[in-house]
Amino acid sequence: MGIYSLLLFASALVFVLLVVSLDAGRVHAWVFGVQMLWQTFWHLLIQYREYYLQEPVSIRLFLAVSSLMLLTQRLTSLSMDLQEKRVRPSPLPLVGYVLNFTTLLGGPLCSYSRFASLMTGIGVDPPPDPARAVFFKLTQVFGMELVRCLLVRLLNTYDPSDLSPVWGAARVLALGAALRIQYYSHWRCSECLNNAAGLGFWPRSAGDPPGWSGLCDGDFWTVEASSRMSQFARRWNATTASWLRRLVYARCRRFPLLGTFGFSLWWHGCHLGHFVGMLTWAATVKADRHTHGLLQPKLSATGRKAYTCLSWINTQINVACIVTAVELRSVSGLRLLSTTYIGLVPLFNILLLFILFNHNTV
């Protein structure tokens, strides 16, 4: 990151000063406001240089802002713990948690209580050797990257002059799959880095035995098997989804779903593709909840299986369109979706949402 690493040190310094100078009940509001303003400033600077000045942005700045977003998760999570009186951190573990580089490079979010308990007990009850788990996860990364390379090669052979609906739909689905696999590979590499540092050996959920999957943002097979948009939203980037539920959804009295995706849009940087993708995601999740609640009780066992299959296909198409819009960020992604019939599927879901709303109000 070079000189841009000062972005992170500045945030960490301001956070520590706020924690030691303010009452625990007031820390969260100040941390949230200061950190989001600081992060938004750098997001706007990147957009100004990209779109207005039309000049290339340093990859180091992109990496620093990406780490700054992860640091925002960590600081606001800890400030909520302080507000709710869940923890009483001492200075040294606090600084160690804030500046823990293994989760700043690629996540996932680790709670302060988990981190502190591991650091205090690592000499008494150290976790087992993670070498086997790291090697197994790296082999998964190799397999996913191989599939992604094949998809990219398939996309490179696509003829843009071929306007047939089948090829257009295949292109969007392949692009969406390649972009998602890139995320899965990144999350697995982050897991390997954290596991090698001794982080992540605890139960993934209550009742599970401890293992090296305690710090995980998403497993390929689990996430891709989601047959509903709301299910996919909970499983995709799992630690970020949990953080958003706690930070926004649980605290928002009116329109919590829209507020959660709206804040996610702000946190990601408010690019045009982010705006379209996040609002479409919110609408498709809402439509999924209404459709599931309306149809599921009325279907037979065979009908439920057929509904699950159709819902899975609908989820895959919606996710491919959303990821394409979000990752390409600019008008190019929206132009790609507008040239294929597959881009109409999210619009159909949004139309269905309005129909269900009218049905409920009649």
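Since this is a predicted model, take the numbers as computed values, not measurements. Note on numbering: residues in each chain are counted from 1, in written sequence order. In keeping with the model being predicted, local features are shown solely for residues with a pLDDT of at least 70 and side-chain atom pairs are shown and tallied solely at 80 or more, while totals for entire chains, interfaces and linings include all residues. With hydrogens and water excluded, all non-hydrogen atoms of the structure serve as input to the side-chain values.

J.: What exactly am I supposed to notice about the pattern of salt bridges here?
T.: When a carboxyl oxygen of Asp or Glu lies within 4 Å of a side-chain nitrogen of Lys or Arg, that pair is called a salt bridge. According to the stated counting rule, one finds 12 salt bridges in the structure shown. The partner of Glu191 in a salt bridge is Arg188, and the shortest N-O contact between them spans 2.4 Å. Of this pair, Glu191 and Arg188 both sit in helix 8 (residues 165-196), 3 residues apart, which is roughly one turn of the helix. Exposure class is identical for Glu191 and Arg188. Each is buried. For the salt bridge of Asp288 with Arg228, the shortest nitrogen-to-oxygen distance reads 3.2 Å. Remark: Arg228 occurs in the loop between helix 9 (220-224) and helix 10 (229-235) and Asp288 occurs in helix 13 (residues 272-295); sequence separation between them is 60 residues. The exposure class of Asp288 is buried, given its relative accessible area of 8%. A run of DSSP states H or I qualifies as a helix once it reaches four residues; a run of E qualifies as a strand once it reaches two. Both are numbered from the N-terminal end. Categorising residues by exposure relies on relative accessible area from a 1.4 Å probe, with only protein chains included: less than 20% of the type maximum marks a residue as buried, more than 50% marks it as exposed, and the intermediate range marks it as partly exposed.

J.: Which parts of the structure should I look at to understand the layout of surface pockets?
T.: Unoccupied space between atoms shows up once a probe the size of one water molecule is rolled over them. Within this model, the largest pocket holds a volume of roughly 1,600 Å³. Met69, Tyr183, Asn237, His268 and Glu327 are, among the 48 residues lining the largest pocket, the residues nearest its centre. Of all elements in the fold, only helix 2 (24-52), helix 3 (59-83), helix 8, helix 10, helix 11 (238-247), helix 12 (256-268), helix 13 and helix 14 (301-328) reach the threshold of two or more residues within the lining of the largest pocket. The element best represented in the lining of the largest pocket is helix 3, accounting for 9 residues. Method remark: on a 1 Å grid restricted to protein atoms, a set of points is classed as a cavity if a 1.4 Å probe fits but cannot get out and as a pocket if it is open with protein on both sides within 12 Å along at least five of seven lines; lining residues have an atom within 4 Å of a point. Grid points are joined across faces, edges and corners, and a volume is the space filled by probe spheres set on the points.

J.: In this structure, what is going on with the packing of helix 2 against helix 12? I would like to understand it.
T.: The axes of two packed helices give the description: the angle between them and the distance between them. Between helix 2 and helix 12, the shortest axis-to-axis distance is 9 Å and the interhelical angle comes to 55 degrees. With respect to their mutual orientation, helix 2 and helix 12 come out oblique. Seen from helix 2, the contacting residues are Phe32, Met36, Gln39, Thr40 and His43; seen from helix 12, they are Phe263, Trp266, Trp267 and His268. The residue inventory of the contact of helix 2 with helix 12, partitioned by class, reads 5 nonpolar, 4 polar and no charged. Axis definition: a line fitted to C-alpha atoms, limited for helices to the stretch in contact. Angles are taken between N-to-C directions and run from 0 to 180 degrees. Angle categories are assigned with fixed cut-offs, so that under 35 degrees is roughly parallel, over 145 is roughly antiparallel, 65 to 115 is roughly perpendicular, and the rest are oblique. Residues are treated as being in contact if the distance between any of their heavy atoms lies within 4.5 Å. Only Asp, Glu, Lys and Arg are considered charged, only Ala, Val, Leu, Ile, Met, Phe, Trp, Tyr, Cys and Pro nonpolar, and every remaining residue, Gly among them, polar.

J.: Teacher, can you tell me more about unusual backbone geometry here?
T.: With the exception of glycine, the majority of residues adopt a negative phi angle, and the majority of peptide bonds are in the trans configuration. Cis geometry is found at the peptide bond from Gly107 to Pro108, where omega equals -5 degrees. Here Pro108 shows up in the loop between helix 5 (101-104) and helix 6 (112-121). Phi angles above zero are rare outside glycine, and Gln54 is one such case at about 55 degrees. When you line up the elements, Gln54 lands in the loop between helix 2 and helix 3. Of note in the backbone geometry, Arg329 takes a positive phi value of approximately 65 degrees without being a glycine. Position of Arg329 relative to the elements: it lies in the loop between helix 14 and helix 15 (331-338).

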